[in-house]
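These are the residues of each chain, in order.
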Amino acid sequence: MSDANSINGRPLKPSTLMMGLGFDPKLSEGSLKPPIFLTSTFAFPSAADGKRHFEGITGKRPGGADGLVYSRFNAPNQEILEDRLAIWDGAEDALSFSSGMTAICVLLLTYAAQGDVIVHSGPLYAATEGFVAKWLSKFGVSYVDFPAGASREEIDAVLAKAKAKASEQGGKVCMIYLESPANPTNALVDVEAVKAARDAALGADCPIAIDNTFLGPLWQRPLDQGADIVAYSLTKYVGGHSDLVAGSIAGAKKWMDPVRMLRNTMGGICDPNTAWMLCRSLETVELRMQRAGENAAKVCDYLSKHPKVAGLGYLGMITDARQQDIYDRHCLGAGSTFSLLLKGGEAECFRFLDSLKIAKLAVSLGGTETLASHPASMTHLSVPDERKAALGITDNLVRISIGIEDPDDLIADFEQALEHV
Ligand SMILES: Cc1ncc(COP(=O)(O)O)c(C=O)c1O
């Protein structure tokens with residue numbers, strides 16, 4: 001069995017564990033790779049086993065399911081995937097979902113009850129902000145937000161406001177939800193400060209969740225800074241080939257179990273084929289992210305010196321001292337997704353985007369190929385103008401996600417596209 005996580009007491013690294021963790025070839029005819037288990041249900045060895053499994057699933061018996069029951073709850077490919085996802089964040093447990101948004105919505109629905117207040121950093125991915133503001137509000141859940149770069153004092157003030165609001169509404173502050181770096185500004189949240197403020201104002205019963213899609217799992221490990229739950233759009237770097245949609249959360253079992261119960265009821269688990277593809281992606285996630293990160297550093301170095309470039313929102317070139325301090329304490333790499341500010345506005349950005357020959361004009365990020373888009377007129381078109389201005393989503397901003405192509409080819413592509421600006 002390849003489940004040994006250490007050799008002579010020396011823990012194995014995630015990149016090694018991705019090749020075998022959670023799968024025993026002996027159980028599948030010696031197949032080196034896990035088969036895709038296309039089944040909706042699982043045969044019980046005996047009626048008593050069936051009863052015991054359901055006692056675990058329904059929570060009648062503590063400890064959860066000790067066998068597979070039905071594919072809405074879990075299945076072999078998803079179990080292997082979840083074991084491997086947990087490794088990267090140093091989490092006790094992980095849950096997989098059919099999209100990043102399913103993961104985030106099921107997580108928020110699990111912890112929010114009528115009258116409760118969610119405290120969140122801003123900006124968030126637009127669909128997450130929309131779920132909190134438009135959908136959870138239908139069930140009497142409200143929110144208070146704070147800007148991503150907020151100081152400890154500012155976070156203290158927001159938590160005090162949220163507590164007062166919750167007690168007026170007869171509820172509690174049910175979750176602190178962060179996204180760092182924020183999409184699309186790349187602003188970082190001080191997770192250590194949020195944890196200290198949470199401990200002081202609310203105690204450890206109010207979980208801190210964080211969307212780690214932009215830097216995870218390689219360049220940021222927020223559980224190490226005091227977050228309780230980490231959320232991902234696996235569609236991005238983890239899937240990494242722009243060929244699937246999936247999501248996950250990870251954290252201590254006590255935080256995962258209630259979410260698992262709601263997922264068991266609602267569905268929303270990742271399908272077996274996607275889980276298999278994600279296991280394959282996890283074998284190369286470190287290699288891909290390392291290469292993309294190196295490429296981004298070279299491309300940004302070139303772009304930063306170009307006369308038609310007004311600025312870069314790249315974590316490897318932070319200009320703000322507070323953001324740099326957060327970066328130094330929280331991040332292990334600058335990532336490969338950044339914003340490019342051109343001299344000009346929408347017309348110049350469109351000429352640039354329409355002239356690209358290697359980079360593809362598409363939203364999303366974290367794939368093997370380089371993508372570029374114009375947030376103000378695409379992903380963030382529906383954001384009101386004054387909020388766009390406050391967030392720095394200007395007409396001259398192009399968002400770029402660098403892939404694993406040859407870096408000199410990418411630079412040549414940006415060079416010729418800038419000639420058309
Ligand atoms: C930061 C962030 N979180 C969550 C999501 C949602 O993920 P998905 O598209 O997999 O539902 C996205 C998608 O772009 C994202 O960028």
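Look up a bit, the structure's there.
Each value, and the rule that gives it
- Residues numbered from 1 in each chain as written.
- Predicted model: local features only at pLDDT ≥ 70, side-chain atom pairs only at ≥ 80, totals over all residues.
- Heavy atoms only, no water.
- Patch = residues over 30% accessible without salt bridge, like charges linked within 9 Å, V, L, I, M, F, W, Y side chains within 5 Å.
- Areas by Shrake-Rupley, 256 points an atom, 1.4 Å probe, with all protein chains shown as cover.
- Salt bridge = Lys/Arg side-chain N within 4 Å of Asp/Glu carboxyl O.
- Helix = DSSP H or I, 4+ residues; strand = E, 2+ residues; numbered from the N terminus.
- Pairing = 2+ DSSP bridges.
- Near = heavy atom within 4 Å.
- Polar contact = N/O pair within 3.5 Å; in protein donor to acceptor, adjacent residues only side chain to side chain.

### As for a nonpolar patch on the surface
Then, in step 1: Residues Phe350, Leu361, Val363 and Met378 make up a contiguous nonpolar surface patch of roughly 310 Å² in combined accessible area.
Then, in step 2: Of note, valine 363 is situated in the loop between β12 (360-361) and β13 (371-373).

### Let's talk about the sheet that holds strand β10 (residues 309-313)
Then, in step 1: Taken in spatial order, the five strands of this open sheet run β10-β11-β14-β13-β12, and their pairing is mixed. Each edge of the sheet is formed by a strand with only one pairing partner; in this case those strands are β10 and β12.
Then, in step 2: With four bridges connecting them, β10 and strand β11 (residues 337-342) associate as antiparallel partners. By the bridge assignment, leucine 312 is partnered in β11 with leucine 340.

### Quick word on the site of the ligand
Then, in step 1: In the vicinity of the ligand there are 14 residues, among which Met101, Asp211, Ser233, Thr235 and Lys236 approach most closely.
Then, in step 2: In the environment of the ligand, an oxygen atom lies 2.9 Å from a nitrogen or oxygen atom belonging to the backbone of methionine 101.
Then, in step 3: The separation between an oxygen atom of the ligand and a polar side-chain atom of threonine 235 is 2.6 Å.
Then, in step 4: Protein contacts shield 90% of the accessible area of the ligand, which totals 390 Å² for the unbound molecule.
Then, in step 5: Among the elements that take part in the shell around the ligand, helix α4 (residues 100-111) stands out by supplying three residues, more than any other.

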